[in-house]
Amino acid sequence: MSFLDLAKERYSERYFDPRPVEQEKIDKILEAGRTAPTACNYQPQYTYVIQSEEALAKVRSMRVSHFNAPLMLLVCYDTETAWRNTRDQWYDNYCSGEQDATIVAATMMYEAEELGVHSVWLRGFDSQQVAETFNLPKNHIPVMMFSMGYSSEQSKPSPLHFQRKPLEETVKKL
Ligand SMILES: Cc1cc2nc3c(=O)[nH]c(=O)nc-3n(C[C@H](O)[C@H](O)[C@H](O)COP(=O)(O)O)c2cc1C
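Residues numbered from 1 in each chain as written. Predicted model: local features only at pLDDT ≥ 70, side-chain atom pairs only at ≥ 80, totals over all residues. Heavy atoms only, no water.

**Q** Is there a simple way to think about helix 4 (residues 97-114) in this case?
**A** An α-helix turns once per 3.6 residues; consequently, residues spaced three or four apart project the same way. If you check helix 4, its first and last C-alpha atoms are 26 Å apart, about what 18 residues at 1.5 Å a residue would give, namely 26 Å. Of the residues making up helix 4, those classed as buried are Gly97, Asp100, Ala101, Val104, Ala105, Met108, Met109, Glu111, Ala112 and Glu113. Taken from the residues just after helix 4, Gly116 is the one with a positive phi, measuring 85°. (Helix = DSSP H or I, 4+ residues; strand = E, 2+ residues; numbered from the N terminus. Expected span 1.5 Å × (residues − 1). Buried < 20%, exposed > 50% of the residue type's maximum accessible area, 1.4 Å probe, protein only.)

Written out as structure tokens, the structure reads:
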């Protein structure tokens, strides 16, 4: 399948089968993340794998929609190693960490999709609560989480999935 077809077929999965994701597939998903570009190649990302009953129970104790996925990934960046742009007049010492973590996450999402492992990108959480619950080092900033796993029989895209703006609205020539 071409990349564009894969991208078009993907939708946010919110109906997971409890079947665990095989370690071999998790390893490939993480390896895909390792290939992602990052500013100056500093690789400030940290991916926390949330798979044990204990760690999943911690997520369930938080205010975050997890959709009962058997696997979750939490992607963070390290404030101490992320690249800083000292020449940007809009931002004071602009930190690339969110962008770095995001492209790592996106790369993992599409690798997972290719392996038949579906996901939903989650940002509706309280960063402080996540950091405290998992006792993260204070320089690890939570950027996003995935709920991941195999689709259950109820799987279907949400109505939002079908609402893509036309390119004429979002692409401008300069
Ligand atoms: C930055 C970001 C944050 C998101 N946060 C959430 C979230 O907290 N909960 C959720 O159910 N979906 C979340 N989503 C998924 C979007 O709602 C979804 O991608 C969008 O509605 C388009 O649907 P589709 O992914 O099925 O094509 C998020 C997606 C992105 C990129």
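Next comes the rest of the write-up.
**Q** Even after reading the chapter, I still don't get the pattern of salt bridges, so can you show me in this structure?
**A** One side chain can pair with another of opposite charge once the charged atoms of both are near each other. Going through the model one piece at a time under the given rule, you end up with two salt bridges. Note that Arg63 is salt-bridged to Asp126, the shortest N-O span being 3.5 Å. Of this pair, Arg63 sits in the loop between helix 3 (53-60) and strand 2 (71-78) while Asp126 sits in the loop between strand 5 (118-122) and helix 5 (127-133), and the two are 63 residues apart along the sequence. (Salt bridge = Lys/Arg side-chain N within 4 Å of Asp/Glu carboxyl O.)

**Q** What is the right way to look at the site of the ligand in this model?
**A** Neighbouring the ligand are 13 residues; Ser12, Trp121, Gly124, His161 and Arg164 lie closest to it. In this structure, an oxygen atom belonging to the ligand sits 2.5 Å away from a side-chain N or O atom of Ser12. In this structure, Arg164 approaches the ligand through a side-chain N or O atom, which is 2.9 Å from an oxygen atom. (Near = heavy atom within 4 Å. Polar contact = N/O pair within 3.5 Å; in protein donor to acceptor, adjacent residues only side chain to side chain.)

**Q** Would you explain the packing of aromatic side chains in this entry?
**A** Here a ring pair, both rings aromatic, is described through the centre-centre distance and the interplanar angle of the planes. Inspection of the entire model under this criterion finds three aromatic pairs. Relative to Tyr110, the ring of Phe3 lies with its centre 5.2 Å away and its plane at 65°, an arrangement referred to as edge-to-face. Taken together, the residues span a long stretch of sequence, with Phe3 in helix 1 (residues 3-9) and Tyr110 in helix 4 at a distance of 107 residues. One residue, Arg19, lies across the ring of Tyr150, its end atom 3.9 Å from the ring centre. (Phe/Tyr/Trp six-rings, centres within 6.5 Å; stacked < 30°, edge-to-face > 60°. Lys NZ or Arg CZ within 6 Å of the ring centre and 35° of its normal.)

**Q** Explain the side chain of Ser152 here, please?
**A** Looking at the secondary structure, you find Ser152 in the loop between strand 6 (140-149) and helix 6 (167-170). Its relative accessible area of 13% is what places Ser152 among the buried residues. At 3.0 Å, the side chain of Ser152 and the side chain of Gln154 are in polar contact. The contacts of Ser152, once residues within four sequence positions are left out, are Tyr15, Phe16 and Asp17. (Contact = heavy atoms within 4.5 Å.)

**Q** Looking at this structure, how should I read the state of the cysteines?
**A** Working definition: the covalent bond between the sulfur atoms of two cysteines is a disulfide. Evaluated as defined, the whole model comprises zero disulfides. We note that Cys95 lacks a disulfide partner, and the nearest cysteine sulfur, in Cys40, lies 12 Å from it. (Disulfide = S-S within 2.5 Å.)

**Q** Honestly, the nonpolar core in this entry has me stumped. Any pointers?
**A** Counting 23 residues, the largest nonpolar core has Ile29, Leu73, Val117, Phe146 and Met148 as its most contacted members. The set of elements that each furnish at least two residues to this core consists of helix 2 (23-34), strand 2, helix 4 and strand 6. Top element by residues in this core is helix 4. It accounts for six residues. (Core = buried A, V, L, I, M, F, W, Y, C linked by side-chain atoms within 4.5 Å.)

**Q** Before we go on, may I ask you to explain the pairing of strand 2 in this structure?
**A** The two faces of the sheet receive side chains in turn, since in a regular strand these alternate between them. The element strand 2 is largely enclosed, with a buried count of eight among its eight residues. The side-chain alternation of strand 2 yields two buried faces, one formed by Leu71, Leu73, Val75 and Tyr77 and the other by Met72, Leu74, Cys76 and Asp78. Pairing analysis gives six bridges linking strand 1 (residues 45-50) to strand 2, with the strands arranged antiparallel. Pairing of Gln45 across the sheet is with Tyr77, part of strand 2. Of the strand pairs in this sheet, strand 2 and strand 6 are connected by eight bridges, and their pairing is antiparallel. Among the inter-strand pairings, Tyr77 is bridged to a residue of strand 6, identified as Ile141. (Pairing = 2+ DSSP bridges.)

**Q** Just to check I follow, could you spell out helix 3 for this structure?
**A** Residues Ala55, Leu56 and Val59 constitute the buried set of helix 3. On an axial view of helix 3, the arc spanned by its buried residues comes to 100°, and they lie on one face. Opposite the buried face of helix 3, by more than 90 degrees, sit the exposed residues Glu53 and Glu54. On its buried face, helix 3 sits against strand 1 and strand 2. (Arc of directions from axis to C-beta.)

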